[in-house]
Amino acid sequence: MRKSYRVKKEAEFQKVFTQGKSCANKQFVVYMIEKPKQTHFRVGISVGKKIGNAVARNWVKRRIRQSLTELKPQLKQDCDFIVIARPGVAFMSTAEVKQHLIHVLHLAKVLNDDQVDSDLR
């Protein structure tokens, strides 16, 4: 995912974290803030040390980015959101990561319902 699609600065990350609406499931927490004048979404990914060592954390980040890249056409474009991984994600397969990420993005209303294919669920 290109850098223009990422929430990079700490101040921006904290703004979404403190002012955004949150939704969660067992594997992920998503904070979302709407930005009506924005041309495309931006995402921040947080994988804490409770997930595991550096290798496990990087594995989880790659799977989240890969899933978001595949879901890019279905994601709302006028928002910033943060995905926070919870413990246990490192033991899941790529397909499970994507499935649980779809679930929490749907709860957070970041995923456009009318465009989601049934095979993505």
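Reading the values: rules and limits
Residues numbered from 1 in each chain as written. Predicted model: local features only at pLDDT ≥ 70, side-chain atom pairs only at ≥ 80, totals over all residues. Heavy atoms only, no water. Helix = DSSP H or I, 4+ residues; strand = E, 2+ residues; numbered from the N terminus. Expected span 1.5 Å × (residues − 1). Contact = heavy atoms within 4.5 Å. Core = buried A, V, L, I, M, F, W, Y, C linked by side-chain atoms within 4.5 Å. Buried < 20%, exposed > 50% of the residue type's maximum accessible area, 1.4 Å probe, protein only. Pairing = 2+ DSSP bridges. Right-handed = clockwise from strand over helix to strand, strands pointing away. Phe/Tyr/Trp six-rings, centres within 6.5 Å; stacked < 30°, edge-to-face > 60°. Axes fitted to C-alpha atoms, helices over the stretch in contact; angles between N-to-C directions. Polar contact = N/O pair within 3.5 Å; in protein donor to acceptor, adjacent residues only side chain to side chain.

## Quick look at helix H3 (residues 94-107)
The terminal C-alpha atoms of H3 lie 20 Å apart, and with 14 residues this matches the ideal 20 Å at 1.5 Å per residue to within 8%. Summarising the contacts, the buried residues of H3 are in contact with strand E1 (21-24), strand E2 (28-34), helix H2 (54-71) and strand E4 (79-85). Just downstream of H3 lies lysine 109, where phi reads positive at about 60 degrees.

## Some points on the nonpolar core
Ranked by size, the top nonpolar core spans 28 residues in total, and within it Phe28, Ile64, Leu75, Phe81, Leu105 and Val110 carry the most contacts. Breaking this core down by element, the ones donating at least two residues are E2, H2, E4 and H3. In this view, leucine 105 contacts Val30, Leu68, Leu71, Leu75, Phe81, Val110 and Leu111; residues no more than four positions away in its chain are not counted. Counting residues in hydrophobic clusters, the runner-up holds eight residues, among them Val7, Phe13, Ile33 and Ile84.

## A short note on the pairing of E4
Of all seven residues in E4, seven are buried, a share of seventy percent or more. Because side chains alternate across E4, one face comprises the buried residues Cys79, Phe81, Val83 and Ala85, and the other comprises Asp80, Ile82 and Ile84, equally buried. When strand E3 (residues 42-46) meets E4, the two strands line up parallel, connected through five bridges. Across the sheet, residue serine 46 finds its bridge partner in E4, namely isoleucine 84. Chirality of the crossover, the property in question, places the unit of E3, H2 and E4 among those that are left-handed.

## Notes on the packing of aromatic side chains
Under the criterion given, the structure shown has two aromatic pairs. On the basis of an interplanar angle of 55 degrees and a centroid distance of 4.7 Å, the ring pair of phenylalanine 17 and tyrosine 31 is categorised as tilted. Taken together, the residues phenylalanine 17 in helix H1 (residues 10-19) and tyrosine 31 in strand E2 connect sequence positions 14 residues apart. Here tyrosine 31 falls in the buried class, since its relative accessible area comes to 17%.

## A look at the sheet that holds E2
Taking strand neighbours across the sheet as the criterion, the four strands line up as E1-E2-E4-E3 in an open arrangement whose pairing is mixed. One side of each edge strand has no neighbouring strand; the edge strands of this open sheet are E1 and E3. Across the sheet, the axes of successive neighbouring strands diverge by a mean angle of 20 degrees, strand direction being ignored. Here H3 sits on the sheet and contacts E1, E2 and E4; the angle it forms with E2, its principal contact strand, is near 40 degrees.

## Some points on the environment of lysine 15
Within the secondary structure, lysine 15 is located in helix H1. Separated by 18 residues in sequence, lysine 15 and isoleucine 33 have C-alpha atoms that sit 8.6 Å apart. The contact partners of lysine 15, leaving out residues within four places of it in the chain, are Gly20 and Ile33.

## Details of the side chain of serine 67
Looking at the secondary structure, you find serine 67 in helix H2. Using a relative accessible area of 2% as the deciding quantity, one classes serine 67 as buried. Reaching out from serine 67, the side chain makes a polar contact with the backbone oxygen of arginine 63 at a distance of 3.0 Å. Residues in contact with serine 67, not counting those within four places in the same chain, are Val97, Lys98 and Leu101.

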